[in-house]
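This is what each chain is made of:
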Amino acid sequence: VQLQASGGGLVQAGGSLRLSCAASGHTFSDNAVAWFRQAPGKEREFVAGMSRRGGATLYADSVKGRFTISRDNAKNTVYLQLNSLKPEDTAVYYCASPSVKGWPTLIPQKEGMYNYWGQGTLVTVSS
């Protein structure tokens, strides 16, 4: 199983980016999927997630209304649209998915619930 994250970069405050996470050997439509991030000197934190059934989504309060998670089942790819970026959004962003299907509408927020991780993509927001 391999998750390949991409799309990070340097952007000014107020700008936008779209992160992508493509999977091989793992089907996103059969599993929950999430994005986490880790800022310098801080612990990794949950950002957004989507359930394996029904397309339910969940967002951290800090990104609600600015970030959008989506999934393209045909491409087996998950996206995270980042809008209205702030300097405090600067972090390495990771996509993740569990190896077990779990409850259809469950969106785990603890990183220990995720077995598969992408390599991370760096988002830097300048003020």
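An account of the accompanying structure is given in this report. What you see is a predicted model, and the numbers here were worked out from it, not measured in a lab.

Thoughts on the pairing of strand β7 (residues 67-72)
Sheet faces and side chains relate simply in a regular strand, where the side chains alternate between the two faces. Two elements, β7 and strand β8 (residues 77-82), share 6 bridges in a ladder whose sense is antiparallel. Following the sheet pairing, T68 is matched in β8 by Q81. Connecting β7 to the antiparallel partner β8 that follows it, the hairpin turn spans 4 residues, and N76 within it adopts a positive phi of roughly 50°.

Some words on the side chain of S29
Within the secondary structure, S29 is located in the loop between β3 (17-24) and β4 (33-38). Setting aside residues no more than four positions away along its own chain, S29 makes contact with R52, R53, R71 and N73.

Some points on the packing of aromatic side chains
One pass over the full model with this rule turns up 5 aromatic pairs. Summarising the aromatic geometry, the rings of F36 and W117 are spaced 5.0 Å apart at their centres and angled 55° between planes, so their arrangement reads as tilted. Of this pair, F36 sits in strand β4 while W117 is found in strand β10 (residues 116-117), placing the two residues 81 residues apart along the sequence. The class for F36 is buried, based on a relative accessible area of 1%. Their ring planes at 80° and their centres at 6.4 Å tell us that Y94 and W117 sit as a pair that is edge-to-face. In this pair, Y94 is assigned in strand β9 (residues 91-97) and W117 in strand β10, connecting sequence segments 23 residues apart. Taken together through their ring pairs, the aromatic side chains of F36, F46, Y94, Y114 and W117 make up a single cluster. Geometry around Y94 places R44 over its ring, the cationic atom sitting 4.7 Å from the centre. Over the ring of W117 we find R44, and its NZ or CZ is 3.9 Å from the ring centre.

Overview of the pattern of salt bridges
Considering all chains together, one arrives at 6 salt bridges under this definition. Among the salt bridges present, the one from R37 reaches E45, with a minimum N-O distance of 2.7 Å. Given the relative accessible area of 34%, E45 is considered partly exposed. For D61, the salt bridge identified is with K64, shortest N-O distance 3.0 Å. Put simply, R37, E45, R66 and D89 are held in one network by salt bridges that share partners.

What about the sheet that holds strand β1 (residues 2-6)?
Strand order in the open sheet made by the 4 strands is β1-β3-β8-β7, with antiparallel pairing throughout. Each edge of the open sheet carries a strand with a single partner, namely β1 and β7. On average, adjacent strands in this sheet sit at an angle of 15° to one another, irrespective of strand direction.

Topic: the pairing of strand β5 (residues 45-50)
Within β5, 5 of the 6 residues are buried, leaving the element largely enclosed by the surrounding structure. Taken together, the 5 bridges between β4 and β5 define a ladder with antiparallel strand orientation. Bridge pairing links W35 to A48 in β5. The antiparallel hairpin formed by β4 and β5 contains 6 residues in its connecting segment, where G41 sits at a positive phi of about 75°. Judged from the 3 bridges that link them, β5 and strand β6 (residues 57-59) form a sheet pairing that is antiparallel. Counted as the bridge partner of G49 is L58 from β6. The antiparallel pairing of β5 with β6 creates a hairpin that spans 6 residues between the two strands, and G54 there sits at a positive phi of about 85°.

Reading guide: rules and limits
- Residues numbered from 1 in each chain as written.
- Predicted model: local features only at pLDDT ≥ 70, side-chain atom pairs only at ≥ 80, totals over all residues.
- Heavy atoms only, no water.
- Pairing = 2+ DSSP bridges.
- Helix = DSSP H or I, 4+ residues; strand = E, 2+ residues; numbered from the N terminus.
- Contact = heavy atoms within 4.5 Å.
- Phe/Tyr/Trp six-rings, centres within 6.5 Å; stacked < 30°, edge-to-face > 60°.
- Buried < 20%, exposed > 50% of the residue type's maximum accessible area, 1.4 Å probe, protein only.
- Lys NZ or Arg CZ within 6 Å of the ring centre and 35° of its normal.
- Salt bridge = Lys/Arg side-chain N within 4 Å of Asp/Glu carboxyl O.
- Axes fitted to C-alpha atoms, helices over the stretch in contact; angles between N-to-C directions.

Keep in mind these numbers describe shape, not what the thing actually does.
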